[in-house]
Amino acid sequence: MAIMSYEGLRQDGRRWNELRRMQCDLGVVSGADGSCSFTCGRTKIIASCFVVPLSKQKASAARVPTTATAAAAASTAPHVELRVSWLPFATQERRERGRTDRQVVDLEGMLKQTACAMLDASSAVVQKQTASGRGSSGAARGNNMEVQIKVAVLQADGGVRSCCVNALTCAIGMANLVCGCLVVSCGCTAQQLGRTLRETRMLQSRGEEEEGKRLLLDPNGAETTKLGELSLSVTSAADRRQFQDVVSINCEAKLTPEEFEEAVETCAEGCRAVSKFLRRKLLDYMTKVATISSH
Amino acid sequence: MALAMNVTIHPVKRKREDALVSTFESLSEASPSRVYRHGDLVSVGDAIQVGDQGSFLRGHGTRVTEDNAALRATVCGTVERVNRLVTVRPVRQQYQAEVGDVVVGTVCEIGGKRWKVSLKGGRAGQHAGAEGVLHLSAVNLPGNAQRRRTWEDELNMRNVFAEGDAVCCEVQQLHSDGTVALHARSAKYGKLLSGHLVCVPSFLVKRQKQNFLEVEFGESSAVRVVLGYNGLVWVCHPGGLPLQKQGAGDIDSEDDDASEGGEGEDGGHGGGVDSSCLYNLSLVRNVVSALGRLMLPLTQETISQGVGLARELGVEPGAVAHGDFLDRLVEQEAMRRVAVE
């Protein structure tokens, strides 16, 4: 089955540069400090975040192995515990995924890094001071807390990594923890337009070898299984003047170096759209809460 | 053959979302001047305008970017400026203790001359949030004796506050490592009895003059409410507050003995709690919890008005949490805001 029709439409009717429909509900888990159910197409993730005091053992364990500078840099970020549960009915064939499942372990590691990157709110100035040993050992208020994050994959249909990152961002954003930045993520993949020499010639004669058409933004399940996916997480930047810092890249697609560059840029554009969407959702929620609870 | 037929799908009713949106709409209609728009708030990572001079002091909720160029927000909230100091006050933040705050918590651990007090509700300490430390030397011992605390007192700590007891204290000190030291030296602080603990988001309990409220019920006895700034609210029979206990003389030790057996809900002062009192108590409790769910502010005014509305409409305590009454509650809040304007 062709991934893309000759009219330039994909199986689900999108163009190459269209994202799937996104939906983001905040506050779905009562009792959590921040929670979010993030739906992108048919992928659905629930993330929730709890803030608890840090136990003594964990605090001392965190201090020992790090070097002085690393401890100083990490001092403002709270301790993060993250659990991913991939529910058995998430994919088409039922499959139990335990704690040691490769995909779950992978996701946990990536999301934990993302959360740490997000929650590290140290100012550049502060960082310099602590690095040179003048800072007050970074014992800032709220440093003794632990953030427990739970991510549940309810439905998986392509772009699970990106959706998990976005859900995580919303959950942390709703809890309104002190963050250095928000992180958003978007996927992209590249298709081979002509499989054989004849097809390629035909496409060339039709003049369809345009740059971007090769790429597919935000691939769904079918596209991901066929072509793999490149997923990029960057810091959120809604306006164009702001830089996007890369937090993580994961590439499972077969891409040539040129394609890779293009794909990353396309993802970055996708991320901009996602960050706009998430920022609007968060502000929507916050304005409502602020208005209702104002006295 | 083409059938002309309109098939409609019944719209799915989404209650939670609706509650927030509809509450927002009715309240913003009532007082348009106090509505927050997107422009009034900054989100995480947004650049904050610092003015022409270019010199500023970085306050809470902000950070300076690596190239030292821009000031960016680290929380979602409103920007506040005092001269050159720029801070962002977060909307809906976690509870941040301040010295002098009245807080309500549950004892979760005893040992080493101190009680650990959980300042955030949660199922049996599962997600117990912020913790405070109440030292043995920071409480009034039964009998009001001012003396050094001996090892005997240390052994008897469980008689004063046992695990699971609700206590009401004041924040005494904030240590640099983030722990919160509490004290219960005044007569109004201490163990809370014969009542119910309600957990609401902490940002709904605004700074106010009085934390110990009274909801009048005409003929029958009033219901007392203790608003902890940490988001825990104790709703109880008047006999359940420490101050009343003191007034009753030195039956303190007896109370302690009695409550050991009875524990919590109906312990201690069983004598004064009759059915009408329990009815009122559950009414107030449900109104407080409904206000918390709607994210309306919790003050003396809103609570007593909410209770008044429920009594006026003859709503049973069990029906307080239902949609119809919640709508009326929002309407009333809207009216109140119109009146304030």
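Conventions adopted
- Residues numbered from 1 in each chain as written.
- Chains lettered and ligands numbered in written order.
- Predicted model: local features only at pLDDT ≥ 70, side-chain atom pairs only at ≥ 80, totals over all residues.
- Heavy atoms only, no water.
- UniProt positions renumbered as here; feature names shortened; annotations may be inferred.
- Helix = DSSP H or I, 4+ residues; strand = E, 2+ residues; numbered from the N terminus.
- Contact = heavy atoms within 4.5 Å.
- 1 Å grid on protein atoms, 1.4 Å probe; cavity = no way out; pocket = protein on both sides within 12 Å on 5 of 7 lines; lining within 4 Å.
- Points joined across faces, edges and corners; volume = space filled by probe spheres on them.
- Nonpolar A, V, L, I, M, F, W, Y, C, P; charged D, E, K, R; others polar.
- Phe/Tyr/Trp six-rings, centres within 6.5 Å; stacked < 30°, edge-to-face > 60°.
- Buried < 20%, exposed > 50% of the residue type's maximum accessible area, 1.4 Å probe, protein only.
- Lys NZ or Arg CZ within 6 Å of the ring centre and 35° of its normal.
- Buried area = accessible area lost by both parts, 1.4 Å probe.
- Salt bridge = Lys/Arg side-chain N within 4 Å of Asp/Glu carboxyl O.
- Polar contact = N/O pair within 3.5 Å; in protein donor to acceptor, adjacent residues only side chain to side chain.
- Patch = residues over 30% accessible without salt bridge, like charges linked within 9 Å, V, L, I, M, F, W, Y side chains within 5 Å.
- Areas by Shrake-Rupley, 256 points an atom, 1.4 Å probe, with all protein chains shown as cover.
- Pairing = 2+ DSSP bridges.
- pLDDT = per-residue confidence, 0-100.
- Axes fitted to C-alpha atoms, helices over the stretch in contact; angles between N-to-C directions.
- Parallel < 35°, antiparallel > 145°, perpendicular 65-115°, else oblique.
- Left-handed = near helix turned anticlockwise from the far one by under 90°.
- Core = buried A, V, L, I, M, F, W, Y, C linked by side-chain atoms within 4.5 Å.

- If you look chain B up in an unreviewed UniProt entry, it shows as Exosome complex RNA-binding protein RRP4 from Chloropicon roscoffensis.

- Per an unreviewed UniProt entry, chain A carries the name Exosome complex exoribonuclease and comes from Chloropicon roscoffensis.
- Here chain A is described in UniProt, under the heading Sequence similarities (unreviewed entry), as follows: "Belongs to the RNase PH family."

Regarding the side chain of A:Asp157
- By the secondary structure assignment, A:Asp157 is in the loop between strand S5 (145-155) and helix H5 (160-175).
- Contacts of A:Asp157, omitting those with residues within four sequence positions, involve A:Arg20, A:Arg42, A:Thr43, A:Asn220 and A:Gly221.

A look at empty space enclosed by the protein
All names here are of chain A.
- All chains considered together, the criterion is met by three cavities of 30 Å³ or more.
- The volume enclosed by the second largest cavity comes to roughly 70 Å³.
- Considering the residues around the second largest cavity, the lining is formed by 14 residues, among which Cys40, Ser162, Asn166, Ser185 and Asp218 are closest to the centre.
- For the lining of the second largest cavity, the secondary structure elements donating two or more residues are strand S2 (34-40), H5 and strand S6 (183-190).
- Across the lining of the second largest cavity, the residue classes break down as seven nonpolar, five polar and two charged.

Regarding the packing of aromatic side chains
- In this structure the tally under the stated criterion is two aromatic pairs over all chains.
- Ring centres of B:Trp115 and B:Phe161 lie 5.1 Å apart, and the angle between their planes is 70 degrees; on these two criteria the pair is classed as edge-to-face. With B:Trp115 in strand S9 (residues 114-118) and B:Phe161 in the loop between helix H3 (157-160) and strand S11 (166-174), this pair connects stretches of sequence that are 46 residues apart. Across this residue pair, the class does not change: B:Trp115 and B:Phe161 are buried.
- Judged by centre distance (6.4 Å) and plane angle (45 degrees), the rings of B:Tyr189 and B:Phe212 are tilted. Here the residue B:Tyr189 occupies a position in the loop between strand S12 (180-184) and strand S13 (190-192), and B:Phe212 occupies one in strand S15 (residues 212-215), the gap between them amounting to 23 residues.
- Under the relative-accessibility criterion, B:Tyr189 is labelled buried at 5%.
- Given the relative accessible area of 16%, B:Phe212 is considered buried.
- One cation-aromatic arrangement involves A:Arg97 over A:Trp86; the distance from NZ or CZ to the ring centre is 4.6 Å.
- Across from the ring centre of B:Tyr229, 4.3 Å away, lies the NZ or CZ of B:Arg207, which sits over that ring.

Considering the interface of chain A and chain B
- Taken residue by residue, the interface counts 46 residues in chain A and 58 residues in chain B.
- For the pair chain A and chain B, the summed buried area comes to about 4,500 Å², and 54% of that belongs to carbon and sulfur atoms.
- The tally of links from chain A across to chain B stands at one salt bridge.
- The partner of B:Asp46 in a salt bridge is A:Arg279, and the shortest N-O contact between them spans 2.6 Å.
- The tally of links from chain A across to chain B stands at 14 residue pairs in polar contact (both at pLDDT 80 or more).
- Elements that contribute at least two residues to the side of chain A that touches chain B include exactly strand S1 (22-26), strand S3 (43-53), helix H4 (124-131), S5, H5 and helix H8 (257-293) of chain A.
- Per-element tally for the side of chain A that touches chain B: the top contributor is H8(A), with 13 residues.

Quick notes on a nonpolar patch on the surface
- Among the surface-exposed residues, A:Val246, A:Ile249 and A:Phe260 lie close enough to one another that they form a single nonpolar patch of about 240 Å² accessible area.
- As for its placement among the helices and strands, A:Val246 is situated in strand S9 (residues 246-251).

Thoughts on the sheet that holds strand S5 (residues 71-73) of chain B
All names here are of chain B.
- On the basis of which strands lie adjacent, the open sheet formed by three strands has the order S2-S5-S4 and antiparallel pairing. Each end of this open sheet is capped by a strand with a single partner; those strands are strand S2 (47-48) and strand S4 (62-64).
- Sheet topology note: the S4/S5 ladder contains three bridges and is antiparallel. In the sheet register, Val64 faces S5, and the bridge partner there is Leu71.

Here we look at the confidence of the model for chain B
Residues and elements named next belong to chain B.
- In this model, chain B carries an average pLDDT of 79, and 82% of its residues clear a pLDDT of 70 or more.
- In this model residues 123-127 is a low-confidence stretch, pLDDT under 50, and it forms five contacts with partners more than four residues away in sequence or in other chains.
- Confidence drops under pLDDT 50 across residues 246-270; counting only partners more than four residues distant or on other chains, this segment forms 26 contacts.
- In the predicted assembly, ipTM is 0.81 and pTM is 0.84.

Focus on the packing of helix H6 (residues 275-294) of chain B against helix H7 (residues 300-313) of chain B
Residue and element names in this part refer to chain B.
- The geometry of H6 relative to H7 is characterised by a closest axis approach of 9 Å and an angle of 120 degrees between their N-to-C directions. Taken together, H6 and H7 sit at an angle that is classed as oblique. Our pair here, H6 against H7, has a crossing hand that is right-handed. Listed contacts from H7 to Leu283, Val284, Val287, Val288 and Leu291 of H6 are Thr302, Ile303, Gly306, Val307, Ala310 and Arg311.
- Its residues placed into classes, the contact of H6 with H7 shows eight nonpolar, two polar and one charged.

Comments concerning the nonpolar core
- With 146 residues, the main nonpolar core has A:Phe38, A:Leu111, A:Ile149, B:Leu134 and B:Ile303 as its most contacted residues.
- For this core, the element with the most residues is H8(A), which contributes 15 residues.
- Residues in contact with B:Ile303, not counting those within four places in the same chain, are B:Leu213, B:Val215, B:Val225, B:Leu227, B:Val287, B:Val288, B:Leu291 and B:Leu298.
- With eight residues, the next largest nonpolar core counts B:Val42, B:Leu71, B:Ala73 and B:Val75 among its residues.

Quick notes on the pattern of salt bridges
- In total, this model carries 23 salt bridges over all chains according to the counting rule given.
- A salt bridge links A:Asp218 to A:Arg20, with the nearest nitrogen and oxygen atoms 3.1 Å apart. Here the residue A:Asp218 occupies a position in the loop between strand S7 (215-217) and helix H7 (221-227), and A:Arg20 occupies one in the segment before S1, the gap between them amounting to 198 residues. In this pair, the class of A:Asp218 matches that of A:Arg20, namely buried.
- Ionic pairing is found between B:Asp165 and B:Lys191, a salt bridge with its closest N-O pair at 3.2 Å. On the criterion of sequence distance, the pair formed by B:Asp165 in the loop between H3 and S11 and B:Lys191 in strand S13 is long-range, its members being 26 residues apart. B:Lys191 shares its class with B:Asp165; the two are buried.
- Linked by salt bridges that have partners in common, A:Arg10, A:Asp12, A:Arg14, A:Arg20, A:Asp218 and A:Glu223 make up one network.

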